[in-house]
Amino acid sequence: FENLDVLLGRGIRIDSGSVYAKLVAAHRGGYCFEHGILLQSALSSLGFQPDVHTARVVLMRPRSEAALTHMFLTVRMDDQRYVLDPGFGGLAPLVPVPLTAARVCEGRDVHRLVNHGHEWVLETEVNGAWTPMWSSTLEPAEPVDFVMGNHFVSTFPISPFVTTLMLRAITPRGRVSVANRAMTRRHEGREEKRVI
């Protein structure tokens, strides 16, 4: 996960050819639109029929201030619907999450989807408390929805993608995140923070 091209003023192209060239051929990272489009292409080539959706990121803001600027997928398998979120960043689930309120554990990561009437909320357990990450109606989105969202998050003057360096990687022992000069390393149940 990274937003380097946004900060360098290069723009983000989210057609499947450009995404493949950047993430696979150039061994780069990207953000939700890029990771989601790559996963959608891979799943489609394997015979799945993934749906793509928009979501409001509510991790650090109230729902009323969160635009539909996140992309994730759902896919059906064995009469069950699963949420796949390859591009959320540091707290994203590493495995598919079934569309139920059951907990899904992968190592120390714990996630669940909770229905709140007309919306589903992806939550993660942080220090023993459930933390909402995003909310979505699960209505399938159109490609133009992501073109608009991509333009907004990569150009709007106060977008966090325009104002903050963000890097995140999954390592064999955990995760590493960088926000500007603040680095957080989470591994083996411990969290280490330092300034680069």
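Look up a bit, the structure's there.
Bear in mind that the values here come from a model prediction, so they are computed numbers and not experimental data.

### Re the environment of Gly128
Next up, step 1: By the secondary structure assignment, Gly128 is in the loop between β7 (119–126) and β8 (129–136).
Next up, step 2: In this structure Gly128 comes out as exposed when scored by relative accessible area, which is 64%.
Next up, step 3: For the pair formed by Gly128 and Arg81, sequence separation is 47 residues and the distance between their alpha carbons is 27 Å.

### A closer look at the pattern of salt bridges
Next up, step 1: The tally for this structure, following the rule as stated, stands at 13 salt bridges.
Next up, step 2: Three or more residues joined by partner-sharing salt bridges are found here, namely Glu2, Asp5, Arg10, Lys22, Arg28 and Glu34.

### Brief notes about the sheet that holds strand β3 (residues 80–84)
Next up, step 1: With antiparallel pairing, 8 strands are arranged side by side in an open sheet as β4-β3-β2-β1-β8-β7-β6-β5. The open sheet has two free edges, formed respectively by β4 (97–98) and β5 (104–106), since each of these has just one partner strand.
Next up, step 2: Relative to strand β6 (residues 109–116), β5 runs antiparallel, the two sharing 3 bridges. Bridging across to β6, Val104 finds its partner in His111.
Next up, step 3: Contacts from helix α3 (residues 32–45) reach β1 (51–57), β2 (68–77) and β3 within the one sheet, and its direction differs from that of β2 by about 20°.

Cut-offs used in this document
Residues numbered from 1 in each chain as written. Predicted model: local features only at pLDDT ≥ 70, side-chain atom pairs only at ≥ 80, totals over all residues. Heavy atoms only, no water. Helix = DSSP H or I, 4+ residues; strand = E, 2+ residues; numbered from the N terminus. Buried < 20%, exposed > 50% of the residue type's maximum accessible area, 1.4 Å probe, protein only. Salt bridge = Lys/Arg side-chain N within 4 Å of Asp/Glu carboxyl O. Pairing = 2+ DSSP bridges. Contact = heavy atoms within 4.5 Å. Axes fitted to C-alpha atoms, helices over the stretch in contact; angles between N-to-C directions.

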